[in-house]
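# Architecture at a glance
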Amino acid sequence: MKKKLMCIMLAFDLPDCGAGITINIYDTASEKAIHTETVKENNSTYFLRVPQILILDEFNTCIVVLGQGISGVSTLITTFGFEG
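Parameters at a glance
Residues numbered from 1 in each chain as written. Predicted model: local features only at pLDDT ≥ 70, side-chain atom pairs only at ≥ 80, totals over all residues. Heavy atoms only, no water. Buried < 20%, exposed > 50% of the residue type's maximum accessible area, 1.4 Å probe, protein only. Helix = DSSP H or I, 4+ residues; strand = E, 2+ residues; numbered from the N terminus. Pairing = 2+ DSSP bridges.

### Considerations on the pairing of strand S2 (residues 19–27)
When you tally the buried positions in S2, you get 9 out of 9 residues, the bulk of the element. Both faces of S2 are covered, namely the face carrying Ala 19, Ile 21, Ile 23, Ile 25 and Asp 27 and the face carrying Gly 20, Thr 22, Asn 24 and Tyr 26. By the bridge criterion, 9 bridges tie S2 to strand S3 (residues 32–41) in an arrangement that is antiparallel. Counted as the bridge partner of Thr 22 is Thr 38 from S3. Where S2 folds back onto S3 in an antiparallel hairpin, the turn is made up of 4 residues, including Glu 31, whose phi is positive at roughly 60°.

Put into structure tokens, the structure is as follows:
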């Protein structure tokens, strides 16, 4: 049976020198954290809205979309892999 994963955004960090979010990915069957990733960007405007986070568990990949719909910045997309 294929594992089903979920994502919990753990923390927003908005320091003067930039901003970031920490993303934890959990295995829902065991409730254990299987990966933690921090996404940072120097322009804190990207974090004025909650980022869109997509998990493709069959490919062990997470897609993070920053700044979508915020005027004055282009949307940023970053990806990272994880073991699941």
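### Here's the deal with unusual backbone geometry
Here the phi dihedral of Glu 31 falls at roughly 60°; this positive angle occurs in a residue that is not glycine. Relative to the helices and strands, Glu 31 is located in the loop between S2 and S3. The exposed category is assigned to Glu 31, whose relative accessible area is 66%.

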